[in-house]
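Listed here are the chains, written in short residue letters.
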Amino acid sequence: MTSKLRTTAKPRLTALLPLLASVTWLGSAGFAQAADLIIGTASEPSAMDPLFSRTGPNQNIAMQIFDRLVETDAHLRMQPALAESWSAVEPTTWRINLRKDARFQNGKPVTADDVAFSLERARNVPNSPAPFSNNVSGVTSAKAIDATTLEVKTEVPTPDLMERVGFVYILERASAEGKSLQDYNKGDGLVGSGPYKFKEWVPGDRVILTRNEGYWGPKPAFETVTIRFIANDAARVAALRSGAVDLIDGVPPADLPVLEKTAGLKVHVIPSARLIYLALDTAREESPFVTDKDGKPLKPNPLQDLRVRQALAKLINVPAIVERLLNGAGVPAGQLVPEGVAGFDPSLKPVANDLAGAKALLQQAGLKDGFGITIHSSNDRFAGDKDIAQAIGQMFSRGGIKVNGVMTQPYNVYASAASRQSFSAFIFSLGTTTPTAGPGMRNLFMTADSKAGTGGFNRARYSNPAFDKALAEALTQFDEAKRIAGIQAASKMVFGDLPVIPLYWQKIAWASKANITYEANMAEDTTAARAGLAK
């Protein structure tokens, strides 16, 4: 197999002044120097440790500094990276052959021992809000056979092993071993084999990377990459239009028509595999933001009743959200993954908006007068997140639900709070970045168990033993058709139970100066590795 480079509130003018002052101008066009790239990104990472969190903002930094065993192309098709080839020599034993020309940024070769260390470290990174432990669950051992051959043993047959361990970032053992989160955040231990090297992180402001001249793949296009954190959508678009940045992500759908027609700019759009959903607290008899109509705590928790969850789903008019708030930049969803990702089931349709049907279900559940609830959301993670929360609140109110409030927070605060079960009904998302739905379903819906490595993104702590068994059995099937059919059956089971209400799959947009190319991708990577200079 041959490897292919991973082409991996109202704004205030004062917020833009430091950014504008930092730009190196080149003539009247305002282009940054060809050797440099400035990216304006919507969300900030919570740490520099590449294994601290699998959330998108963290991964967008990590994948520029560190390599993984495999990567995906723009359409989530898996391809070799540090691993040149792999095979199951027995149902529970795999051999992974590493490329021989890969070196870390300190000049040392990437070895099977470094990979074994990284897989072991992924098991337990303290206080991780979205751990990589799921990627290595079921792995009983990983050892170097020689410098470039790794043997991995699993507890049970694991045909999708490379969809799991393949996406763990590989660190150099000698540099990383024993380092704390604070060390990594200062740059200590951040020695990868990726196309760019860490230089500086200023929380709340920027990350600066420099080109890895010894990179094993094609030469990175830029000498210096500055990633600016610009949470406000209007400010981010203004920074691009003014020439202060070269590339932005999270382009608001309402701005796409204007940017498409603006001379000197271009947009890059692709349908993604990111599901936006409303998670519901079904795990607790009493939920912190569920009340009676008078605002007093309500027990038992009505979200534990399937009829109530079905009613809430019927109250949400997803097509209206997509058309009116997102300008069509979404596709209504009824399951985890869209068509084109293995495990998609055409029989699982989006829940139709049905006010009368919702009220009837609430009456059947003994809640004809409704109940009280607070909706939580991020306000800077994806286009329109805070507006969608407000819209859902209004739709619930029309159905007789007393919405006690709609509360939004910056994502790097919000994600941690959601992981601590701080909310009752909260908007979140999961981006599938693997060729099949299996890993995502395992992370989002299986019972949260740190030892088993399941449910790492199961922030609502949903637990259904029948589903767990069905999915676990499906994922042990080496016969691909049987494995996919099992994933589909498990998907019908879990979405029939509605622990989360699927809303829509995003259409993702980036925008750049005309002299910058960008590979729009379903994984939603915002990285210099996917950017280049137009010829």
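This text follows the structure it describes.
Keep in mind the model is a prediction, meaning the values are calculated, not measured. (Residues numbered from 1 in each chain as written. Predicted model: local features only at pLDDT ≥ 70, side-chain atom pairs only at ≥ 80, totals over all residues. Heavy atoms only, no water.)

Check the secondary structure of the protein chain and you find 17 helices and 20 strands. For 535 residues, the compact-globule formula gives about 24 Å, and the C-alpha radius of gyration of the protein chain, at 23 Å, lands near that figure. Referenced to the eigenvectors of the C-alpha coordinate spread, the extents of the protein chain come out at roughly 70 × 60 × 40 Å. Looking at the 535 residues of the protein chain, the share that counts as buried comes to 58%. Carbon together with sulfur atoms contributes 51% to the accessible area of the protein chain, which is approximately 20,700 Å² in total. Seen as two clouds, the 59 positive and the 53 negative side-chain charges of the protein chain have centres 3 Å apart. (Helix = DSSP H or I, 4+ residues; strand = E, 2+ residues; numbered from the N terminus. Rg over C-alpha atoms; globule rule 2.2 N^0.38 Å. Buried < 20%, exposed > 50% of the residue type's maximum accessible area, 1.4 Å probe, protein only. Areas by Shrake-Rupley, 256 points an atom, 1.4 Å probe, with all protein chains shown as cover. Lys, Arg positive; Asp, Glu negative; His and termini not counted. Charge placed at Lys NZ, Arg CZ, Asp CG, Glu CD.)

By size, the foremost hydrophobic cluster in this structure holds 106 residues, and its most contacted members are V225 and M441. Residues within four places of V225 in sequence aside, it is in contact with L37, I39, Y196, V207, I208, L209 and A528. By size, the runner-up hydrophobic cluster in this structure holds 39 residues, among which are L278, L326, A329 and M395. (Core = buried A, V, L, I, M, F, W, Y, C linked by side-chain atoms within 4.5 Å. Contact = heavy atoms within 4.5 Å.)

A separate point is the packing of helix α16 (residues 465-474) against helix α17 (residues 480-497). Taken N-terminus to C-terminus, the directions of α16 and α17 make an angle of 165 degrees; their axes are 8 Å apart at the nearest point. Here α16 lies roughly antiparallel to α17, going by the angle between them. Judged by the twist between their axes, the crossing of α16 over α17 is left-handed. Across the interface between the two elements, A466, F467, A470, L471 and A474 from α16 touch R483, G486, I487, A490, M493 and V494 from α17. Partitioned by chemical class, the residues of the contact of α16 with α17 number nine nonpolar, one polar and one charged. (Axes fitted to C-alpha atoms, helices over the stretch in contact; angles between N-to-C directions. Parallel < 35°, antiparallel > 145°, perpendicular 65-115°, else oblique. Left-handed = near helix turned anticlockwise from the far one by under 90°. Nonpolar A, V, L, I, M, F, W, Y, C, P; charged D, E, K, R; others polar.)

What follows concerns the pattern of salt bridges. What the rule picks out here adds up to 26 salt bridges. Here D205 ties to R206 by a salt bridge, and the two come within 2.3 Å at their closest N and O atoms. Here the salt bridges do not stand alone but share partners, grouping E200, D205, R206 and R228 into one network. (Salt bridge = Lys/Arg side-chain N within 4 Å of Asp/Glu carboxyl O.)

Attention shifts here to α16. Two residues of an α-helix separated by three or four positions point the same way, owing to the 3.6 residues in each turn. Those residues of α16 lying buried are F467, D468, L471 and A474. Down the axis of α16, the buried side of the element spans an arc of 135 degrees, and every buried residue falls inside it. Opposite the packed face of α16, turned more than 90 degrees from it, sit the exposed residues P465 and K469. Elements that come into contact with the buried residues of α16 comprise α15 (438-445) and α17. For α16, the N-terminal capping position is held by N464, with its side-chain oxygen 3.1 Å away from the main-chain nitrogen of A466. (Arc of directions from axis to C-beta. Polar contact = N/O pair within 3.5 Å; in protein donor to acceptor, adjacent residues only side chain to side chain.)

This part covers the pairing of strand β15 (residues 372-378). Burial analysis of β15 places seven of its seven residues in the buried class, which makes it a mostly covered element. Across the two faces of β15 the burial is the same, with G372, T374, H376 and S378 and I373, I375 and S377 all buried. In this structure, strand β13 (residues 290-291) lies alongside β15, joined through two bridges in antiparallel fashion. Looking at the pairing, V290 lines up with I373 of β15. Sheet analysis places β15 next to strand β16 (residues 402-409), joined by seven bridges and oriented parallel. Paired with H376 across the strands is M407, a residue of β16. Tracing the backbone out of β15, into helix α13 (residues 385-398) and back to the parallel element β16 gives a crossover that is right-handed. Bridging between β15 and strand β17 (residues 425-431) involves two bridges; their strand directions are parallel. Pairing of H376 across the sheet is with F426, part of β17. (Pairing = 2+ DSSP bridges. Right-handed = clockwise from strand over helix to strand, strands pointing away.)

We now examine the environment of S272. For S272, the position within the fold is in strand β12 (residues 265-280). Filtering out sequence-adjacent residues up to four positions away, S272 remains in contact with P338, W505, Q506, K507, I508, M522 and E524. In this structure the side chain of S272 is engaged in a polar contact, spanning 3.0 Å, whose partner is the backbone nitrogen of R274.

Mapped onto the fold, D380 is located in the loop between β15 and α13. There is no salt bridge for the buried D380, and the closest opposite charge comes from R381, which lies 7.3 Å off by N-O distance. Within the structure, D380 has its side chain in polar contact with the backbone nitrogen of Y411 (distance 2.7 Å). Sequence-distant contacts of D380, that is, excluding residues within four places in its chain, are made with A42, S43, A231, D385, Q409, P410 and Y411.

Take the pairing of strand β1 (residues 36-41) next. Counting buried residues in β1 gives five out of six residues, a clear majority hidden from the surface. Bridge count between β1 and strand β10 (residues 224-229): six bridges; the pairing is parallel. Opposite G40, over in β10, you have R228 as the bridge partner. When β1 meets strand β11 (residues 247-248), the two strands line up parallel, connected through two bridges. Bridging from a neighbouring strand, G40 pairs with I248 of β11.

The next thing to look at is the packing of aromatic side chains. Ring pairs (aromatic) are described by centroid distance and by the angle formed between their planes. Taken as a whole and assessed by the stated rule, the structure comprises eleven aromatic pairs. Consider the rings of Y414 and F428, whose centres lie 5.5 Å apart with planes at 20 degrees: the pair is stacked. Taken together, the residues span a long stretch of sequence, with Y414 in helix α14 (residues 411-419) and F428 in strand β17 at a distance of 14 residues. By relative accessible area, which is 1% here, Y414 ends up buried. Seen in terms of ring centroids, W510 and Y518 are 5.3 Å apart; in terms of plane orientation they differ by 40 degrees. Their pairing is tilted. Residue classification places Y518 among the buried positions, given a relative accessible area of 8%. Cluster of aromatic residues (ring-pair linked, three or more members): Y411, Y414, F423, F426 and F428. Over the aromatic face of F132 sits the side chain of R54, whose NZ or CZ is 5.8 Å from the ring centroid. Sitting above the plane of the Y411 ring, R381 keeps its charged end 5.2 Å from the centroid. (Phe/Tyr/Trp six-rings, centres within 6.5 Å; stacked < 30°, edge-to-face > 60°. Lys NZ or Arg CZ within 6 Å of the ring centre and 35° of its normal.)

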